[in-house]
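Coordinate analysis (summary)
The primary structure of each chain is shown beneath.
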Amino acid sequence: MSEATYGDILVDRQDAVLIVTINRPQAGNKLAHRTCLELFDALQRFRLDPALRAAVLTGAGDKFFCIGGEHDPVTSLDQSQVLPIIDVYQAIDTIPKPVVAAVNGFAVGGGNVLHTVCDLSVASENAVFRQVGPMVGSFDAGYGTWYLEDTIGRKRAKEMWYLNRKYTAAQALQMGLVNEVVPARQARDRAVEVAQEIATRSPMAIAGLKGAFSARHNGVSGQARMAHDQQLSYYLQTREAHELSESFAERREPRPESFWS
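The notes below deal with the structure included here. (Residues numbered from 1 in each chain as written. Predicted model: local features only at pLDDT ≥ 70, side-chain atom pairs only at ≥ 80, totals over all residues. Heavy atoms only, no water.)

1. So, the nonpolar core
Counting residues in each nonpolar core, the largest one holds 49 residues, and the members touching the most others are Leu57, Ile92 and Phe129. With residues near it in sequence (within four places) discarded, Ile92 still touches Leu43, Leu57, Val99, Leu114, Val117, Cys118 and Lys210. With 14 residues, the next largest nonpolar core counts Val56, Ala102, Val122 and Val182 among its residues. (Core = buried A, V, L, I, M, F, W, Y, C linked by side-chain atoms within 4.5 Å. Buried < 20%, exposed > 50% of the residue type's maximum accessible area, 1.4 Å probe, protein only. Contact = heavy atoms within 4.5 Å.)

2. Points about the packing of helix H2 (residues 85–94) against helix H3 (residues 110–117)
Put simply, H2 and H3 touch, their axes get as near as 9 Å, and they point 15° apart. Regarding the angle of H2 to H3, the classification is roughly parallel. Remark: the crossing between H2 and H3 carries right-handed chirality. Across from Val88, Tyr89, Ile92 and Asp93 in H2, the residues of H3 making contact are Gly110, Val113, Leu114 and Val117. Here the residues of the contact of H2 with H3 are counted per class, giving 6 nonpolar, 1 polar and 1 charged. (Axes fitted to C-alpha atoms, helices over the stretch in contact; angles between N-to-C directions. Helix = DSSP H or I, 4+ residues; strand = E, 2+ residues; numbered from the N terminus. Parallel < 35°, antiparallel > 145°, perpendicular 65-115°, else oblique. Left-handed = near helix turned anticlockwise from the far one by under 90°. Nonpolar A, V, L, I, M, F, W, Y, C, P; charged D, E, K, R; others polar.)

3. Focus: the sheet that holds strand S3 (residues 54–59)
Ordered by their spatial adjacency, 6 strands build an open sheet running S1-S2-S3-S5-S7-S10, and the pairing between neighbours is mixed. Taken across any chain shown, the strands that pair with only one partner, and hence form the sheet edges, are strand S1 (9–14) and strand S10 (180–182). Strand-to-strand, the axes of this sheet are offset by a mean angle of 20°, without reference to chain direction. Packing of helix H8 (residues 187–199) onto the sheet brings it into contact with S1, strand S2 (17–22), S3, strand S5 (99–103), strand S7 (120–124) and S10, and relative to S5 it is tilted by some 165°. (Pairing = 2+ DSSP bridges.)

Below, the structure is given as structure tokens:
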């Protein structure tokens, strides 16, 4: 296949491994509309390329893996205009080849979901993990809850979502959120080593195993889309999400009295 040209991501190859880098460090490697479309395209090309056996997903720079989605103001329920992040999660989950996350810094909100959906996660020692949904008027009732619960357990997943605490790489390793921790600036190289190791295994066996791991959650994409659409209605019909997002950005306490005004 011919190589694609992207604006928000970088793609590179090392032997049988594809390396995909979210290249928006000035914006915390946030997932904009174009970013998601480009990630989805790169993942589909990865799936169809017989020379590629595994992929690594990371963020540009040394500070951010990804700090979530960059949403434009919601003005309608037009599905062509909303952030197509569910397509990216679903692609990572269903492509019969492994995707290894190299978490090189902050993994917040959708960024934490993004690495959780990946098959394995290698974190640098400076990585920070956090869910901030209830602080900014947002939530993920699909991949970000089902898979997080599978990964770290029900109580810890609820703690992460309800209390919005920050977790260090060491804490993430202890609770099973990542597979290993490496020194700063080494996450990408180590993730490539892991991906190359997997690439030496039987591709059919790996595909069968990946399908088996995801089979029990075949309904998660539907649940995720239902929650996504519910969230759009929430944005449109209340002031709550806007006030929480604005107060978080302005580093002030939210004003609950304005949620319904």
